[in-house]
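# Examination of the molecular architecture
Chain by chain, the residues:
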Amino acid sequence: MSSPTCSAADLAPLFGPNTTDAVAAAGYICSQFSTVSSKFTDAGYAVDTTYLLFSAYLVFSMQLGFAMLCAGSVRAKNTMNIMLTNVLDAAAGGIFYYLFGFAFAFGSPSNSFIGRHLFALQSFPNSDFDYSYFLYQWAFAIAAAGITSGSIAERTHFVAYLIYSSFLTGFVYPVVSHWFWSPDGWASASNSGGLLFGSGVIDFAGSGVVHMVGGIAGLWGAFIEGPRIGRFDHAGGSVALRGHSASLVVLGTFLLWFGWYGFNPGSFAKILVPYGAGGGYYGQWSAVGRTAVTTTLSGCAAALTTLFGKRALSGHWNVTDVCNGLLGGLAAITAGCSVVEPWAAIICGVVAAAVLISCNKLAEKLKFDDPLEATQLHGGCGAWGVLFTGLFATEKYVMEVYGGEPGRPYGLFMGGGGRLLGAQMIQILSIIGWVSVTMGPLFLVLHKLNLLRISSDDEMAGMDQTRHGGFAYAYHDEGGDEISAKIQPNFGAQRA
C-alpha cells in the first residue's frame with residue numbers, strides 16, 4: 001500500500017493571494033504531514049510484527065500439545081523418554097535452525113534449490129525479514145521434528161533423537177521449505193522468475209512442507225527400526241499397545257488445535273493489508289478470519305467422520321481415535337486453508353478421516369508400527385491436503401493471496417484446469433523423494449552402528465527406568481513413603 005505524498009510546490013498555489021508566504025506555509029504543512037505519515041507507516045509495521053509474533057507463540061505452544069499427546073499415547077514406562085525428546089526437539093532445533101536452517105530456507109539471493117545467505121542471522125534484520133519471521137519459521141521447523149519423534153517412540157536410543165532432529169531441522173526441512181516458500185524456490189507460488197506450470201505449488205501453511213516431511217521421515221525411522229516388541233503376535237495378528245492416558249491425549253489434542261490458529265492464519269505473516277483500493281471492511285484481515293474458519297470446519301468434520309467410522313468398524317466410541325481423526329483433518333486443510341471456501345473444508349475433513357482410517361488398516365497389514373499414527377496422520381492426510389488444494393482452490397482467493405496475472409491456474413473442480421493439481425502432485429513426489437534419500441540413509445546408518453534401537457531388555461523394562469533414572473510417576477502410601485510406580489513389561493497390551 002503506497003503512502004500519500006505532499007508537495008509544497010503543488011500546495012502553495014492553493015493558499016490564495018492573501019497569504020504572506022505561501023511556499024513556506026505549504027512546506028511546513030507538508031513536513032508535518034510527512035511526520036504523521038511516517039508514524040502511520042511505523043504503526044503498520046508494528047501491527048504486522050505483533051501479529052506474526054503472536055502467531056509464533058501459538059505455533060510454539062503446539063510443542064506442549066505434542067508433548068502431552070505423545071506422553072498419553074505411549075505406555076507409562078516410557079513417559080519421561082518421550083517428554084524429553086519433545087523438549088530436545090525444540091532446543092536442538094533452535095540452535096541448528098539458527099546456524100543453518102533459516103539460511104538454507106530463506107537466505108536470498110540464492111538458487112532454486114537452497115538458500116546461501118543469512119547463516120546465524122548475519123545481516124539481520126533487513127528489508128525482507130525481521131526477527132519475528134525467524135521465530136515463526138523456527139516454530140514450524142521443530143513441529144516437523146516433533147512429528148517424527150512420535151513414529152519411533154518407545155524403542156529408540158536417545159542419541160538417535162538428537163542426531164535426526166538436528167539434521168532434520170538444520171538441513172532436510174529447510175531445503176523443502178526453500179523449494180515451496182522462498183521466492184527463489186523452484187516450485188514456489190511466489191517465484192518471480194517463472195511459476196511451475198504457471199501456478200507454482202500452493203502449500204500455504206505446510207501440509208506438504210511440514211506434515212509430509214515429518215511423516216515421511218517417521219516412516220523411514222519406524223520401518224528401519226521395526227515394530228515394538230509385542231505389537232504383533234507370532235501368528236502375525238495385531239496387538240494394540242495402548243497409551244496409558246487418554247486424558248493427556250485429549251489435552252494434547254486441544255492444545256494442538258489451539259496452536260493451529262497460529263499455524264494456518266498466522267502464515268499470512270501480515271494482517272494489515274487491504275484488498276483493492278482499501279478503505280472497506282474487506283481485506284487480508286478477512287482472509288485471516290476465513291482461514292481460521294476453514295481450519296476449524298475441516299478438523300470438526302474429520303473428528304465426526306472418524307467417530308462414526310470407527311464405531312461402525314470396531315463397535316466402540318473411542319476418544320483417542322477421534323482425536324487423531326481431528327488432527328488429520330487439521331493437517332489436511334493446512335495446505336489450502338487460505339484459498340478454499342468453508343464448505344470445501346468440510347469435504348477436506350471427511351476425506352482426511354477416511355484416508356487416516358485406510359492408512360491405519362494398511363499399516364496393520366504391513367506390520368508397520370507407529371505408536372502415534374504420525375506417518376499415517378501427517379504423511380497420509382498431509383498428501384491428501386496437497387491434492388485437495390489442487391482440486392478446490394478458488395480463483396478469487398488465489399489471486400488475493402498470491403497475486404499475479406489474470407488467468408492464473410486454480411482448483412480443477414472450481415474450473416481452473418489441471419495445472420495447479422499437476423504442480424501439487426509434483427510437490428508430493430519431490431517431498432517423498434527428498435526425505436527418503438536424506439532421512440532413510442541416516443536412519444539406516446544409525447541402525448548399522450547400533451545407535452538407533454535399544455536392546456530388547458531395555459525395551460521390555462521401559463526406557464524411563466533403564467535410561468532416565470526412574471519412572472515418570474511416583475505414589476505415596478499412607479505412611480508417607482514414596483513408592484515408584486512398578487510398570488509391568490506388557491502394560492497396555494490388548495488384542496486389537
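Residues numbered from 1 in each chain as written. Predicted model: local features only at pLDDT ≥ 70, side-chain atom pairs only at ≥ 80, totals over all residues. Heavy atoms only, no water.

A count of helical and extended segments in the protein gives 15 helices and four strands. When each of the 496 residues of the protein is scored for burial, the buried share is 53%. Put simply, 73% of the contacts in the protein that link residues at least 6 apart link residues at least 24 apart. On the protein, roughly 20,900 Å² of surface is accessible, and the fraction owed to carbon and sulfur atoms is 65%. (Helix = DSSP H or I, 4+ residues; strand = E, 2+ residues; numbered from the N terminus. Buried < 20%, exposed > 50% of the residue type's maximum accessible area, 1.4 Å probe, protein only. Contact = heavy atoms within 4.5 Å. Areas by Shrake-Rupley, 256 points an atom, 1.4 Å probe, with all protein chains shown as cover.)

This brings us to the packing of aromatic side chains. In this structure the tally under the stated criterion is 38 aromatic pairs. Aromatic side chains Tyr136 and Phe140 sit 4.9 Å apart centroid to centroid with 50 degrees between the ring planes, which places their arrangement in the tilted category. Of this pair, Tyr136 and Phe140 both sit in helix α4 (residues 131-151), four residues apart, which is roughly one turn of that helix. Using a relative accessible area of 1% as the deciding quantity, one classes Phe140 as buried. Arranged with centres 5.8 Å apart and planes meeting at 85 degrees, the rings of Phe308 and Trp317 form a pair that is edge-to-face. Note on Trp317: relative accessible area 52%, which makes it exposed. The structure contains a cluster of three or more aromatic residues connected by ring pairs, namely Phe104, Phe113, Phe119, Phe167, Phe171, Trp179, Phe180, Trp186 and Trp434. We note Arg231 situated over the ring of Phe232; from NZ or CZ to the ring centre the distance is 4.9 Å. Positioned over the ring face of Tyr397 is Arg290, at 3.6 Å from the centre of the ring. (Phe/Tyr/Trp six-rings, centres within 6.5 Å; stacked < 30°, edge-to-face > 60°. Lys NZ or Arg CZ within 6 Å of the ring centre and 35° of its normal.)

This paragraph deals with the packing of helix α8 (residues 284-314) against helix α9 (residues 319-333). As a packed pair, α8 and α9 sit with axes 7 Å apart at the nearest point and diverge in direction by 145 degrees. For the crossing formed where α8 meets α9, the hand is right-handed. Between α8 and α9, the contacting residues are Thr294, Thr295, Ser298, Gly299, Ala302, Ala303, Thr306, Leu307 and Lys310 on the first element and Asp321, Val322, Gly325, Leu326, Gly329, Leu330 and Ile333 on the second. (Axes fitted to C-alpha atoms, helices over the stretch in contact; angles between N-to-C directions. Left-handed = near helix turned anticlockwise from the far one by under 90°.)

What follows is about the pattern of salt bridges. With the rule as written, the count across this model stands at eight salt bridges. The salt bridge involving Glu154 is made with Arg75; its shortest N-O contact spans 3.1 Å. Here Glu154 is found in the loop between α4 and α5 (158-181), whereas its partner Arg75 is found in the loop between α2 (22-73) and α3 (79-106), with 79 residues between them in sequence. Residue Glu154 is classed as buried on the basis of its relative accessible area of 2%. According to the relative accessible area criterion, Arg75 is buried, its value standing at 3%. Salt bridges sharing common partners tie together Arg75, Glu154, Arg228, Arg231 and Asp369. (Salt bridge = Lys/Arg side-chain N within 4 Å of Asp/Glu carboxyl O.)

Residues Ile95, Tyr98, Leu99 and Phe100 make up a contiguous nonpolar surface patch of about 330 Å² in total accessible area. Secondary-structure assignment places Phe100 in helix α3. What makes Phe100 partly exposed here is its relative accessible area of 36%. (Patch = residues over 30% accessible without salt bridge, like charges linked within 9 Å, V, L, I, M, F, W, Y side chains within 5 Å.)

Another point: the nonpolar core. Formed by 117 residues in total, the largest nonpolar core has its most connected members in Phe102, Tyr173 and Val210. In terms of residue count, α4 provides more of this core than any other element does, 12 residues in total. In this view, Tyr173 contacts Tyr97, Gln137, Phe140, Ala141, Ala144, Leu168, Trp181, Val209, Val210 and Val213; residues no more than four positions away in its chain are not counted. (Core = buried A, V, L, I, M, F, W, Y, C linked by side-chain atoms within 4.5 Å.)

Within the protein, residue pLDDT values average 89, and 90% of them lie at 70 or more. Every residue in residues 485-492 is under pLDDT 50, and counting partners more than four places away or in other chains gives 16 contacts. (pLDDT = per-residue confidence, 0-100.)

This part is about unusual backbone geometry. The step from Ser108 to Pro109 runs through a cis peptide bond, and the omega angle for that step is -5 degrees. Mapped onto the secondary structure, Pro109 falls in the loop between α3 and α4. Residue Phe124 is joined to Pro125 through a cis peptide bond whose omega torsion reads 0 degrees. By the element assignment, Pro125 lies in the loop between α3 and α4.

Counting through the fold element by element, Ser436 comes out in helix α13 (residues 419-448). Judged by relative accessible area, which is 17%, Ser436 ranks as buried. Among the polar contacts made by the side chain of Ser436, one reaches the main-chain carbonyl oxygen of Ile432 at a distance of 2.6 Å. In this view, Ser436 contacts Ile216, Trp220 and Pro441; residues no more than four positions away in its chain are not counted. (Polar contact = N/O pair within 3.5 Å; in protein donor to acceptor, adjacent residues only side chain to side chain.)

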